[in-house]
Amino acid sequence: MFEVTRALLLLAVIVVAAPALGRDDGRYANSPLKSWFESLHSEFGQCCTNADGYIVSDSDWDTDGVNYRVRIDNEWVNVPDGAVIRQPNRAGWTIVWKHYLDGHPKVRCFMPGSMS
């Protein structure tokens, strides 16, 4: 019984310690915006590449003129001021880079679009 428990514990450690697989499968390698996306960062760190961001439809984000919020997985999330990318949006679409904490979505980076 001890050997089985030890083997399961080892397996759990391997699974948890294994690096997460990114979504960058090479489809954006030749995009003219690739280097621009890779340069984006917020106070929370690098936003990563366009393959890691999610395009947000206009109905899934809003602003009161000062603060932003975005709907992620049917949950409205307030965007921390430090997550907002303030440089001009060369892609045009609203993009959010998200992560999860305690099962709830959080915003790592947010780039507002035109809401047109």
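For the structure itself, consult the block above.
The structure reproduced in this document is the subject of the present report. Treat the numbers as computed from the prediction; the structure is a model and nothing was measured.

**Thoughts on the overall build of the chain**
From N to C terminus, the chain includes 2 helices and 8 strands. Its helices and strands taken in sequence order, the chain reads α-α-β-β-β-β-β-β-β-β from the N to the C terminus. For the chain, with 116 residues in total, the buried portion stands at 28%. At a minimum sequence separation of 6, the contacts of the chain that also span at least 24 residues come to 58%. Just so you have it, the chain exposes about 8000 Å², and 57% of that area is on carbon and sulfur atoms.

**Structural notes on the nonpolar core**
Judged by nonpolar contacts, Val56, Trp61, Tyr68, Val70, Ile72, Val77, Val79, Ala83, Val84, Val96, Val107 and Phe110 together constitute the single largest core of 12 residues. Sorting the residues of this core by element identifies strand 5 (68-72), strand 6 (75-79) and strand 8 (104-111) as the ones contributing at least two each. No other element matches strand 5, which puts 3 residues into this core. Ignoring any residue separated from it by four or fewer positions in sequence, one finds Val79 in contact with Tyr68, Arg69, Val70, Val84, Val107 and Phe110. Residues Cys47, Ile95, Trp97 and Met111 belong to the second largest nonpolar core, which totals 11 residues.

**Points about the state of the cysteines**
Summed over the entire model, instances satisfying the criterion amount to 1 disulfide. One disulfide bridge connects Cys47 with Cys109, the sulfur atoms lying 2.0 Å from each other. Disulfide Cys47-Cys109: torsion about the S-S bond near -95°, hence left-handed. Here Cys109 lies in strand 8 and Cys47 lies in the loop between strand 2 (45-46) and strand 3 (54-56), a separation of 62 residues in the sequence.

**Let's talk about the pairing of strand 5**
Taking every second residue as pointing to the same face, the buried face of strand 5 carries Tyr68, Val70 and Ile72, while none of Arg69 and Arg71 on the other face is buried. Direction of pairing for strand 4 (residues 61-63) relative to strand 5: antiparallel, over a ladder of 3 bridges. When the bridges of strand 5 are listed, Trp61 appears paired with Val70. Between strand 4 and strand 5, which follow one another and run antiparallel, lie 4 residues, and Gly65 among them has a positive phi close to 95°. Summarising the sheet, strand 5 and strand 6 pair through 5 bridges and their orientation is antiparallel. Across the sheet, residue Arg69 finds its bridge partner in strand 6, namely Asn78. Between strand 5 and strand 6, which pair antiparallel and follow one another directly, the connecting turn spans 2 residues, one of which, Asp73, has a positive phi of 55°.

Basis of the calculations
- Residues numbered from 1 in each chain as written.
- Predicted model: local features only at pLDDT ≥ 70, side-chain atom pairs only at ≥ 80, totals over all residues.
- Heavy atoms only, no water.
- Helix = DSSP H or I, 4+ residues; strand = E, 2+ residues; numbered from the N terminus.
- Buried < 20%, exposed > 50% of the residue type's maximum accessible area, 1.4 Å probe, protein only.
- Contact = heavy atoms within 4.5 Å.
- Areas by Shrake-Rupley, 256 points an atom, 1.4 Å probe, with all protein chains shown as cover.
- Core = buried A, V, L, I, M, F, W, Y, C linked by side-chain atoms within 4.5 Å.
- Disulfide = S-S within 2.5 Å.
- Pairing = 2+ DSSP bridges.

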